[in-house]
Amino acid sequence: MDENESSELTEDEKRLFADLMPEDLSEILDTGVNRRHFLKLMTLAGGGILAAQSAVAEQLMTRPFNEAAPADYALESIENGVNVSFKVNGTARKLTVDSRMTLLDTLRERLDLTGSKKGCDHGQCGACTVIINGHRVLSCLTLAASCEGKTVQTIEGLAQGNSLHPVQEAFLKHDGFQCGFCTPGQICSAVAMLDEAKKGHLSYVSETVRQPAGPAKLSNEEIRERMSGNICRCGAYPNIVAAIQEVHSGKPVEQVFRSV
């Protein structure tokens, strides 16, 4: 449905918005029903306010709402705009962004890649973790402008077609998630961390810093330490560790939730 069609409301629908959302009526008549209007209407429905007008509300909720595509972002509202060219999940992208815009907001709001989650927005929970040039990075603390010429990989770019990444498969096997909110960041962090281990990077709990160069063998304690920047509020840590250990060792690990 195009913009003109979406703004052509029936008289009953106009009366519904005039009664319940009068402050939004002018905007709705001009541009049609967008996501914000739809969510507001859903909130009113959840509160039982639409009981007397349920038929009209149901008709509205089943109609497509008008929403600009990510590429149609309101460029006129951008202050201090800078051009950024970078690769995201293997695709070259070129955007004009506010120089203060974070990579996380750019991915979610401009590129419609909503897998990376905004949890604390202070770099403390790890839900926004992505991989930049092979290194795990907190995208909520990374300016999009600083990614010029770099390669960004998000959770959406780990699978190869219909084949999941081994870490994704292990998380499914070991039930390494419950609500799933932190999972994209956990998986991206785990993928990059395993690559760090292959390169012989050490951690705070490494037994010795004098070990010869080569892949690091990760104990469960090592995995917990190296993944400590990723918080799981559901407490699925034993399953997460088991999933990562199985990919790291290449050997089956007993499923924790079935061993009790």
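Further up the page is the structure itself.
Please read all numbers here as calculations on a predicted model, not as lab measurements.

## With respect to the overall build of the protein chain
A tally of helices and strands in the protein chain yields ten helices and five strands. When burial is assessed residue by residue, the protein chain has 38% of its 260 residues classed as buried. Working note: accessible area of the protein chain is about 14600 Å², and carbon and sulfur atoms make up 51% of it.

## A look at the environment of aspartate 30
Along the chain, the position of aspartate 30 falls in helix H3 (residues 25–31). A relative accessible area of 58% places aspartate 30 in the exposed class. Each C-alpha atom of the pair aspartate 30 and glutamate 8 lies 9.4 Å from the other, and the pair is 22 residues apart in sequence.

## Here we look at unusual backbone geometry
The phi angle of most residues is negative, glycine excepted, and most peptide bonds adopt the trans form. The backbone phi angle of aspartate 112 is positive, close to 60°, even though this residue is not glycine. The residue aspartate 121 is not glycine, and still its phi comes out positive at about 60°. Secondary-structure assignment places aspartate 121 in the loop between helix H6 (103–110) and strand S3 (129–132).

## Quick word on helix H8 (residues 183–198)
Taking 1.5 Å per residue, 16 residues should reach 22 Å; H8 reaches 22 Å between its end C-alpha atoms and fits that length. Summarising burial for H8: 14 of the 16 residues are buried, a large majority. Of the residues one or two after H8, glycine 200 is the one with positive phi, at around 85°.

## A few points about the side chain of glutamine 245
Within the element layout of this structure, glutamine 245 appears in helix H10 (residues 237–249). Within polar-contact distance, the side chain of glutamine 245 engages the backbone oxygen of leucine 218 at 3.1 Å. If sequence neighbours within four positions are ignored, glutamine 245 has contacts with Leu218, Ser219, Asn220, Ile223, Gly250 and Val253.

## Overview of the pattern of salt bridges
According to the stated counting rule, one finds eight salt bridges in the structure shown. For glutamate 246, the salt bridge goes to lysine 173, with nearest N and O atoms at 3.0 Å. With a gap of 73 residues between them, glutamate 246 in helix H10 and lysine 173 in helix H7 (residues 166–173) connect regions that are remote in the sequence. For lysine 173, a relative accessible area of 34% corresponds to the partly exposed category. Across the pair lysine 199 and aspartate 195 runs a salt bridge, and its minimum N-O distance is 3.2 Å. A single network of salt bridges, built from pairs that share partners, joins Asp105, Lys118 and Asp121.

## Here's the deal with the sheet that holds strand S4 (residues 135–138)
If you trace the five strands from one edge of the open sheet to the other, you get S2-S1-S5-S3-S4, paired in mixed fashion. Among the strands making up the open sheet, the edge pair consists of strand S2 (91–98) and S4. Between one strand and the next, the sheet's axes are offset by a mean angle of 40°, whatever the strand orientation. Across the face of the sheet, H6 comes into contact with strand S1 (81–88), S2, S3 and strand S5 (151–153) while running at roughly 110° to S2. The strands touched by H8 within the sheet are S3 and S4, with S3 carrying the most contacts at an inclination of about 40°.

## Comments concerning the nonpolar core
In this structure, Val167, Phe171, Ile187, Met193, Leu218, Ile223 and Ile244 are the most contacted members of the largest nonpolar core, which totals 25 residues. Secondary-structure elements contributing two or more residues to this core are H7, H8 and H10. With eight residues, H8 is the largest single contributor of residues to this core. Dropping the residues within four chain positions of it, isoleucine 187 is found in contact with Ile155, Leu158, Val167, Gln168 and Phe171. Residues Leu107, Leu111, Ile132 and Val152 belong to the second largest nonpolar core, which totals 15 residues.

Conventions used here
- Residues numbered from 1 in each chain as written.
- Predicted model: local features only at pLDDT ≥ 70, side-chain atom pairs only at ≥ 80, totals over all residues.
- Heavy atoms only, no water.
- Helix = DSSP H or I, 4+ residues; strand = E, 2+ residues; numbered from the N terminus.
- Buried < 20%, exposed > 50% of the residue type's maximum accessible area, 1.4 Å probe, protein only.
- Areas by Shrake-Rupley, 256 points an atom, 1.4 Å probe, with all protein chains shown as cover.
- Expected span 1.5 Å × (residues − 1).
- Polar contact = N/O pair within 3.5 Å; in protein donor to acceptor, adjacent residues only side chain to side chain.
- Contact = heavy atoms within 4.5 Å.
- Salt bridge = Lys/Arg side-chain N within 4 Å of Asp/Glu carboxyl O.
- Pairing = 2+ DSSP bridges.
- Axes fitted to C-alpha atoms, helices over the stretch in contact; angles between N-to-C directions.
- Core = buried A, V, L, I, M, F, W, Y, C linked by side-chain atoms within 4.5 Å.

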